[in-house]
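For reference, the chains in residue letters:
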Amino acid sequence: MAEIKVTVTRVVTAEPTAVIEALGDYKGVRAETWPETITDYEVLEGGTGAGTRIRYQLHATRSRVRTVDAVVSAPEPDRTLVEADQNSTLRTVWTVQPAGSGTTRVSVETSWAGASGIGGFFERTFAPIGIRRLYNGVLDKITPRLS
């Protein structure tokens, strides 16, 4: 099994503090910004930043659905949020960095241990496309809220 990593990066017009607050608002902003590939989203514990626990259905394809039960940590509270699935190796790291006056570079990296064999080939080929679409969709919906 090889690790699969998918990264999406974008510069947004907002201060890093506002961006990390929006990303960490799992009951409000994040609950409202999931694209259609995420269903049955719920906050099980907390709701803001570290200590939050969320669960949702991730639709990789029409027939392939994965339940994600993630616990959120903030190794660098003003800069990083980590969503670690409790059922698999799936891990998503959100990082914000100043990118200039009034702008922030937002990076989201999702990684997991991929399958081997022919299934692994298709996973390495097609899963990154879906993951990029998912997080570009989240950023498309969050960005207007930051202005």
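Every value quoted in this text rests on a predicted model; they were computed, and no experiment measured them. (Residues numbered from 1 in each chain as written. Predicted model: local features only at pLDDT ≥ 70, side-chain atom pairs only at ≥ 80, totals over all residues. Heavy atoms only, no water.)

**Looking at the side chain of Glu 83**
Note that Glu 83 resides in strand β5 (residues 80–85). Within the local environment of Glu 83, its side chain forms a polar contact with the side chain of Tyr 26, the two groups lying 2.7 Å apart. Within polar-contact distance, the side chain of Glu 83 engages the side chain of Trp 94 at 3.2 Å. Those residues within four positions of Glu 83 in sequence are excluded, and the remaining contacts are Tyr 26, Arg 30, Ala 70, Val 71, Val 72, Leu 90, Arg 91, Thr 92, Trp 94 and Tyr 135. (Helix = DSSP H or I, 4+ residues; strand = E, 2+ residues; numbered from the N terminus. Polar contact = N/O pair within 3.5 Å; in protein donor to acceptor, adjacent residues only side chain to side chain. Contact = heavy atoms within 4.5 Å.)

**What to know about the pattern of salt bridges**
Following the criterion strictly, the structure yields eight salt bridges and no others. Across the pair Arg 55 and Glu 42 runs a salt bridge whose closest N-O atoms are separated by 3.3 Å. Here Arg 55, found in strand β3 (residues 53–59), pairs with Glu 42, found in strand β2 (residues 38–45); they are 13 residues apart in sequence, far enough to count as distant. With its nearest N and O atoms 3.1 Å apart, the salt bridge here joins Glu 76 to Arg 79. Accessibility expressed as a relative area gives 30% for Arg 79, which makes it partly exposed. The structure contains a network of salt bridges with shared partners spanning Glu 45, Arg 53 and Asp 69. (Salt bridge = Lys/Arg side-chain N within 4 Å of Asp/Glu carboxyl O. Buried < 20%, exposed > 50% of the residue type's maximum accessible area, 1.4 Å probe, protein only.)

**Looking at the nonpolar core**
The biggest cluster of nonpolar side chains holds 34 residues, and the ones touching the most others in it are Val 19, Leu 23, Trp 34, Tyr 56, Trp 94, Val 106 and Tyr 135. Going through the elements one at a time, β1 (3–13), α1 (16–23), β2, β3, β4 (65–73), β6 (91–100), β7 (103–113) and α3 (117–146) are the ones with two or more residues in this core. The leading source of residues in this core is α3, at seven residues. Look past the residues within four positions of Trp 94 in its chain and what remains in contact with it is Leu 23, Arg 30, Arg 79, Thr 80, Leu 81, Glu 83, Val 106, Ser 107, Val 108, Tyr 135, Val 138 and Leu 139. (Core = buried A, V, L, I, M, F, W, Y, C linked by side-chain atoms within 4.5 Å.)

**Quick word on the pairing of β3**
Of the strand pairs in this sheet, β2 and β3 are connected by five bridges, and their pairing is antiparallel. Note that in β3 the partner of Ile 38 across the bridge is Leu 58. Bridge count between β3 and β4: seven bridges; the pairing is antiparallel. Looking at the pairing, His 59 lines up with Val 65 of β4. (Pairing = 2+ DSSP bridges.)

**Details of the pairing of β7**
Side-chain positions along a regular strand alternate between the two faces of the sheet. Two elements, β1 and β7, share eleven bridges in a ladder whose sense is antiparallel. When the bridges of β7 are listed, Thr 13 appears paired with Thr 103. Looking at chain direction, β6 and β7 are connected through nine bridges and run antiparallel. By the bridge assignment, Val 96 is partnered in β7 with Val 106.

**Considering α1**
Each full turn of the α-helix corresponds to 3.6 residues, which orients residues three or four apart in the same direction. Buried residues of α1: Pro 16, Val 19, Ile 20, Ala 22 and Leu 23, and no others. Looking down the long axis of α1, one finds its buried residues gathered within 160° of arc, a one-sided arrangement. (Arc of directions from axis to C-beta.)

**Let's talk about the environment of Gly 24**
Turning to its location among the elements, Gly 24 is positioned in the loop between α1 and α2 (29–32). Assessed through its relative accessible area of 4%, Gly 24 is described here as buried. With 57 residues separating them in the primary sequence, Gly 24 and Leu 81 have C-alpha atoms 7.3 Å apart. Once you skip the residues sitting within four places of it in the chain, Gly 24 turns out to touch Gly 47, Thr 48, Gly 49 and Leu 81.

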